[in-house]
Structure formats: structure tokens, C-alpha cells
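# A look at the structure
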Amino acid sequence: MRIVVIAVVGVSLVAAIAGGLIWLQPKFRLAPTAYVCQFDDAVAADEREAVESAARGFVETMFGSHPGDAFDLMSAYGQTDASREQLEAAGHALQADGVGALTVRRTFVINGAGGSREGVMIACGGAPGAVDFVRKNDALKQAHVLLTYPLNAGAKSVAVWLVFERGRWRVNYAYVNFSQILDSNARDLFEQAQDQRAQGHVFNAFFLYRTAANLAHTGAHLQLGDFAQIGAAESSFPAPAEMQGAAPPYHWTLDGRTFDYEQWGYFGAANDHKVVLRITRTLPFNDDSDAEAQNRVFLDAVMKTYPEWRQTFDGITVRTHKPGADYAWNTLFQKDGGYDEPPRSGDQPARSEEAAATH
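Residues numbered from 1 in each chain as written. Predicted model: local features only at pLDDT ≥ 70, side-chain atom pairs only at ≥ 80, totals over all residues. Heavy atoms only, no water.

## Overview of the side chain of Glu234
To keep it simple, the criterion reads: Here a helix means four or more residues in a row that DSSP labels H or I, a strand means two or more in a row labelled E, and each is numbered from the N terminus. The contact criterion used throughout is that any non-hydrogen atoms of two residues lie within 4.5 Å.
Summarising the element assignment, Glu234 is placed in helix α6 (residues 225-235). Look past the residues within four positions of Glu234 in its chain and what remains in contact with it is Tyr209, Arg210 and Ala213.

Here's what the structure looks like:
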């Protein structure tokens, strides 16, 4: 399919580096632009091969022994927002997850003049209510490629924005995120959320919607239709009051008591292929026995209030960090086996054995 658009649009952005990735915050301004957008099989075979090869080469370099060399594969604009040192550090961090074979999932190519250097989001394919959006800037030729690679406990996606510059395709930006936990991708979890919502199970639906949205997120420059569809459904969902809040710690009132926590995570463990809800908090405790007892009070209240948790999770764990100390205590309840027996001091699966979406 080919989409031809003539419009008056534009955007300028303020860029910053966070965690080895590039994040862009938009400030809009007008700029005339006319473009042709093609995607997947509609892209000419030779052009598609060149674009996908450039994206794959960048990611493979990031996963190689010298990730900093990926700097030479970036556009002039991309190089203003990254450094060899940042790419070196980000590459080694990604390699800690274990890297499988890359697969190209989607390819978009845009040809046309006009626009600002930083770009604006444009529609390019998809379906009503689930439109795909990509960023277009002032380059005459540019592209977006979405790749995935497997992990032991799921998969990650890499969204790569490229421009044709100095005789070759070069990378403006890349974004990495979990795209699958165990066997479930964003669409799978979204359908589970819809089912749990229909049953009135707000606890399960809340975590499933949030996790599905996390997995569907492919960065600030490529947004597939699933992301918008999931977001629309989630925005109409009345999340439980105790799960709302602008910033941690969040306050959770259960069974007549209030518990504070900082973060939750939907985890998939490769070793036993189980999905676990992990709740993380910071709380003083005297010793391991005291931490275990306090964690069980919290877990008992969660399970009493929301018995439907068993339909979505294989277990729930509370991980309590001791203030001012590099020490945490885990308490795990499994639906098929009850409480795990201590000790569980500071243990967690290796990163290569675990996939997670956190909030």
C-alpha cells in the first residue's frame, strides 16, 4: 500500500539521553511537507533490502564486541544526541540479556520534501482505530524498521529510525523494549485484559492492560496501531483507586490496613515458565523473620481482597528493601504450592532467565 499526503505540519523537539536511550519531548511548530509513505511489501524490494540491512547492521553492531562502533553508522543528527561511550555502555547492558537471532517485523519508507529537522508523527497504514504512526523529518528519504529478537523468557523489540544521508542509510534513533513475556505478546495480554474486565476482575485487568501497553510501546518515533488501541481501552477502564497515584510510594488499602509500595512488575521466569506479580517496597524490618512476617501480612491481604489473581498469575511475590541498606527480602506465594519456605534473601533469577514489564 502507498499513502500520499500533502499537509502543513511540523515539530521541534528537545532531546536528552536517559539510560543509554534517546528520548524526545515535542514542541510543535508549523512546517509544510508533502510525502509518500509505503510499508512492508509495498516497498520496492531493493530499497527494502537496503533499509532492513542498515537497521540490522546497526543492531548487530550494538550487540557485538565493540558497540561504540555503532556511532559511525548514525546520521549527523543522531550523533548530536549520542556518543561512542553511551553506545558502548548501552550495548553491553543489552548483551547481558542474551541475544537471539534478529527478525524484521515491520518496515516503513517515506519519500518527500518538507518538514522540520526533528520531525512530526504521520499516519502510515494500520486500520481504523489502530493506525500506525511514524516520524518524518526534513530528510528526502527516511525509514523505520521494527526488529525483534528472542530471550530465554520472552523477546525484545528494536525500533530503528533511519535517514538516507551521505550515500547510505544511517540511524537517527533506536529504541529497545520488551515485546513478549514468555509466550505472551501485547495483543495476547490485551485480550486477557478485556476478558478479565468483562468478568469484573479489576485487579487482573489493571495489570494486564498496563503490561500490554508496556509491551506494545516502540518508542517516540514509531507507534503501531496496537499501542493506540490498547491505550484507548485502558483509558476507559476504571482502575482501582489504590492502584492510582502520581508518584510512589503508592498507598494500597486492603482488608482494613494500608500498605505502601513503590513498584510492581509482571515477570516471566524461563526456568519454570511461570508468570509472577512482583510488588516492591521499602520498609524497616528487624531481621529476616520479621521481613517474612510483614510480607505475609501484605500478601494475605492482597489475596483475600482479590482472589481472582489465580486466573492471571502463577504466583505473587513481595520484595521488601531495607532502608539505607543493599539488602532485600522476598516472600513468594505460588497458587499451586502456597508459601515458599525461607530463606529467600535477596534472590532473583538471572536477567537472561527473566522478562518483565514494570511500573
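Right, picking up where we left off after that structure.
## Things to note about the state of the cysteines
Stated precisely, the cut-off is as follows: Working definition: a disulfide is two cysteine sulfur atoms within 2.5 Å of each other. The classification of residues rests on relative accessible area computed with a 1.4 Å probe and restricted to protein chains. Under 20% of the type maximum is buried, over 50% is exposed, and intermediate values are partly exposed.
Counting across every chain of the model gives one disulfide. Each disulfide pairs two cysteine sulfurs, and for Cys37 the partner residue is Cys124, the sulfurs being separated by 1.6 Å. In this structure the cystine formed by Cys37 and Cys124 twists about its S-S bond by roughly -90°; its chirality is therefore left-handed. Residue Cys37 is found in strand β2 (residues 21-39), and its partner Cys124 is found in strand β4 (residues 120-127); the two are separated by 87 residues along the sequence. Judged on exposure class, the residue Cys37 and its partner Cys124 are both buried.

## Some words on the environment of Phe39
Along the chain, the position of Phe39 falls in strand β2. For Phe39 and His144, which are 105 residues apart along the polypeptide, the C-alpha to C-alpha distance reads 9.2 Å.

## With respect to the side chain of His201
This is how it is decided: Whenever a nitrogen or oxygen atom comes within 3.5 Å of another N or O atom, the pair is scored as a polar contact, on the condition that within protein one atom can donate a hydrogen and the other can accept it, and that pairs from neighbouring residues in sequence are kept only if both atoms are in side chains.
Looking at the secondary structure, you find His201 in the loop between α4 (186-198) and α5 (202-216). Here His201 falls in the buried class, since its relative accessible area comes to 14%. Looking at His201, its side chain comes within polar contact range of the side chain of Gln196, at 2.8 Å. Those residues in contact with His201, other than ones at most four positions away along the chain, are Gln196, Glu308 and Gln311.

## Considerations on the pairing of strand β15 (residues 315-321)
Quick reminder of the rule: Note on pairing: two strands pair once DSSP finds at least 2 bridges between them. Crossover handedness is defined here as right-handed if the route from the first strand over the helix to the second strand goes clockwise, with the strands pointing away from the viewer.
In terms of burial, β15 is a largely internal element, six of the seven residues being buried. One ladder, built from seven bridges, connects strand β14 (residues 274-282) with β15; its direction is parallel. Across the sheet, the residue bridging to Val276 is Gly315, located in β15. Handedness of the crossover is the feature at issue here: the chain leaves β14, passes through helix α7 (residues 288-305), returns alongside β15, and the resulting connection is right-handed. Where β15 lies against strand β16 (residues 328-334), seven bridges are found, and the strand directions are antiparallel. Pairing of His321 across the sheet is with Ala328, part of β16. The loop that links β15 with its antiparallel partner β16 comprises six residues; one of these, Gly324, has a positive phi angle of about 70°.

## Observations regarding the pattern of salt bridges
Definition in use: The term salt bridge refers to a side-chain nitrogen of Lys or Arg lying within 4 Å of a carboxyl oxygen of Asp or Glu.
The full count for this structure, using the stated rule, is twelve salt bridges. In this structure, the salt-bridge partner of Glu234 is Arg210, at a minimum N-O distance of 2.4 Å. You can see Glu234 sitting in helix α6 and its partner Arg210 sitting in helix α5, a full 24 residues away along the chain. The class for Glu234 is buried, based on a relative accessible area of 19%. With a relative accessible area of 25%, Arg210 lands in the partly exposed category. Through salt bridges with shared partners, a single ionic network connects Asp40, Arg106 and Asp132.

## Some thoughts on the sheet that holds strand β10 (residues 222-223)
Two pairing modes exist for strands in a sheet, parallel and antiparallel, and in both the strands are linked by backbone hydrogen bonds. Heads up, the rule is: Orientation is described by lines fitted to C-alpha atoms, with helices fitted over the stretch in contact, and by angles between N-to-C directions that extend from 0 to 180 degrees.
The three strands lie next to each other as β4-β5-β10, forming an open sheet whose pairing is antiparallel. The open sheet terminates on both sides in strands that have one partner only, identified here as β4 and β10. The strands touched by α6 are β5 (130-136) and β10; relative to β5, the strand with the most contacts, the crossing angle is about 125°.

## With respect to the layout of surface pockets
Note the cut-off: Grid points spaced at 1 Å and placed over the protein atoms alone form the basis of the search, with a cavity being a set where a 1.4 Å probe fits but cannot get out and a pocket an open set showing protein on both sides within 12 Å along at least five of seven lines. Lining residues have an atom within 4 Å of a point. Grid points are joined across faces, edges and corners, and a volume is the space filled by probe spheres set on the points. Classes in brief: Ala, Val, Leu, Ile, Met, Phe, Trp, Tyr, Cys and Pro nonpolar; Asp, Glu, Lys and Arg charged; the others, Gly included, polar.
Counted as a void, the second largest pocket has a volume near 490 Å³. Counting only elements with at least two residues in the lining of the second largest pocket, the list comes to β3 (103-111), β5, β6 (141-151), β7 (154-165), β8 (168-181), α4, α5 and α6. Of the residues belonging to the lining of the second largest pocket, the class tally is eleven nonpolar, nine polar and five charged.

## Focus: the packing of α4 against α6
The packing of two helices is summarised by the inter-axis angle and the distance between the axes. The line we're drawing: Each angle is binned into one of four classes, with values under 35 degrees roughly parallel, values over 145 roughly antiparallel, values of 65 to 115 roughly perpendicular, and all other values oblique. Crossing handedness is read from the near helix: turned anticlockwise from the far helix by less than a right angle, it gives a left-handed crossing, and turned clockwise, a right-handed one.
With their axes 11 Å apart at the nearest point, α4 and α6 run at an angle of 20° to one another. With respect to each other, α4 and α6 are oriented roughly parallel. At the point where α4 passes α6, the crossing takes the left-handed sense. Of α6, the residues touching α4 (which contributes Ala186, Arg187, Phe190, Gln194 and Arg197) are Asp226, Gln229, Ile230 and Ala233. Of the residues assigned to the contact of α4 with α6, the class counts are four nonpolar, two polar and three charged.

## Brief notes about α4
Worth spelling out the cut-off: Expected helix span is computed as 1.5 Å times (number of residues minus one). Taking the helix axis as origin, the arc is that swept by the directions to the C-beta atoms.
Compared with the 18 Å implied by 1.5 Å per residue over 13 residues, the 18 Å span of α4 between its first and last C-alpha is a close match. Listing the buried residues of α4 in full gives Ala186, Leu189, Phe190, Ala193 and Gln196. With its buried residues spanning 125° around the axis, α4 presents them on a single face. Contacts made by the buried residues of α4 are with β8, β9 (184-185), α5, α6 and β13 (263-269). Positive phi appears at Gly200, one or two residues downstream of α4, with a value of about 80°.

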